[in-house]
Amino acid sequence: SATKTIADESILIKDTKALQVGDAGDGSFFHNGTNTFLSNSTGNLIFEQLADDSDIIFKTDNGSGGVNNYLVIDGGAHAIDLLEDTRLKATRKLFFDGGGNSYVHEESADNVMFFIGGRNMLRLHEGNGEVVVNDPGLDTNLRVEGDSDSNLLFTDAGNDRVGIGTNSPSKKLE
């Protein structure tokens, strides 16, 4: 039968001494006098919350003497809540479709591109003072809707035409 060691008092493990688990000590928890580490040297490191509708909450100092929630994995809402400003390192991509086709990407400082289906659909470029639709010159149309006109302004990229009040302009500007 399984046995357990039950402690009814705190256990103090001195700095640089680890609490190890696994036959080879593959998982460990230790403090080096400055930082605390949870490490794993084989397989995956899995955080699992088994209490119904409960959360996993990451908290840290807020810079003002208090502690804030920064990340909440909300089991009841099936959501991840980012509760503070979130930074994405320059030139990294934020993917939306679980793959590689739809994402936002900061190509360079203050130059943000929106890719949908692998196509650059929109670029916001502060340095040039531009909002660019269809930057790579693909056959990507642009439609601006009004209150009652769904084709208030329409650009037909494949034919290099602009329509006002029409989605099928027959000349350069109609």
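Calculation notes
Residues numbered from 1 in each chain as written. Predicted model: local features only at pLDDT ≥ 70, side-chain atom pairs only at ≥ 80, totals over all residues. Heavy atoms only, no water. Helix = DSSP H or I, 4+ residues; strand = E, 2+ residues; numbered from the N terminus. Rg over C-alpha atoms; globule rule 2.2 N^0.38 Å. Contact = heavy atoms within 4.5 Å. Areas by Shrake-Rupley, 256 points an atom, 1.4 Å probe, with all protein chains shown as cover. Lys, Arg positive; Asp, Glu negative; His and termini not counted. Charge placed at Lys NZ, Arg CZ, Asp CG, Glu CD. Phe/Tyr/Trp six-rings, centres within 6.5 Å; stacked < 30°, edge-to-face > 60°. Buried < 20%, exposed > 50% of the residue type's maximum accessible area, 1.4 Å probe, protein only. Pairing = 2+ DSSP bridges. Axes fitted to C-alpha atoms, helices over the stretch in contact; angles between N-to-C directions.

Focus on the overall build of the protein
And step 1. Across its full length, the protein holds 0 helices and 14 strands.
And step 2. Moving toward the C terminus, one meets the helices and strands of the protein in the order β-β-β-β-β-β-β-β-β-β-β-β-β-β.
And step 3. Its C-alpha radius of gyration of 27 Å places the protein more than 25% over the 16 Å reference for a compact globule of 174 residues.
And step 4. Across its three principal directions, the C-alpha atoms of the protein cover 85 × 35 × 35 Å.
And step 5. The long-range share in the protein, meaning contacts at least 24 apart out of those at least 6 apart in sequence, stands at 0%.
And step 6. As presented, the protein carries roughly 13500 Å² of accessible surface, and 49% of it is formed by carbon and sulfur atoms.
And step 7. If the 14 positive side-chain charges of the protein are averaged to one point and the 28 negative ones to another, these points end up 7 Å apart.

Remarks on the packing of aromatic side chains
And step 1. Scanning the entire structure with this criterion turns up 3 aromatic pairs.
And step 2. Consider the rings of Phe30 and Phe37, whose centres lie 5.1 Å apart with planes at 20°: the pair is stacked.
And step 3. Assessed through its relative accessible area of 25%, Phe30 is described here as partly exposed.
And step 4. On the numbers, 4.7 Å between centres and 15° between planes, the contact of Tyr103 with Phe115 is stacked. Note that Tyr103 is positioned in strand β8 (residues 103-108) and Phe115 in strand β9 (residues 111-116), a separation of 12 residues in sequence.
And step 5. The exposure class assigned to Tyr103 is buried, which follows from its relative accessible area of 10%.
And step 6. Take Phe115: its relative accessible area is 12%, and that puts it in the buried class.
And step 7. Ring pairing ties together the aromatic residues Phe95, Tyr103 and Phe115, which thus form one cluster.

A few points about the sheet that holds strand β1 (residues 19-21)
And step 1. Read across the sheet, 3 strands follow the order β1-β2-β3 without closing on themselves; strand pairing throughout is antiparallel. Both outer strands of the open sheet, β1 and β3 (36-40), are each paired with one neighbouring strand and no more. Each strand of the sheet is rotated relative to its neighbour by a mean of 10°, with strand direction disregarded.
And step 2. Bridging between β1 and strand β2 (residues 27-31) involves 3 bridges; their strand directions are antiparallel. Following the sheet pairing, Val21 is matched in β2 by Gly27.

What to know about the sheet that holds strand β12 (residues 142-144)
By definition, the strands of a sheet pair up through backbone hydrogen bonds, in either a parallel or an antiparallel sense.
And step 1. On the basis of which strands lie adjacent, the open sheet formed by 3 strands has the order β12-β13-β14 and antiparallel pairing. Every interior strand has two partners, whereas the edge strands, β12 and β14 (161-163), have only one. Adjacent strand axes in the sheet meet at a mean angle of 15°, parallel and antiparallel pairs treated alike.
And step 2. Pairing between β12 and strand β13 (residues 153-156): 3 bridges, direction antiparallel. Each bridged residue has a counterpart across the sheet, and for Leu142 the counterpart in β13 is Thr155.

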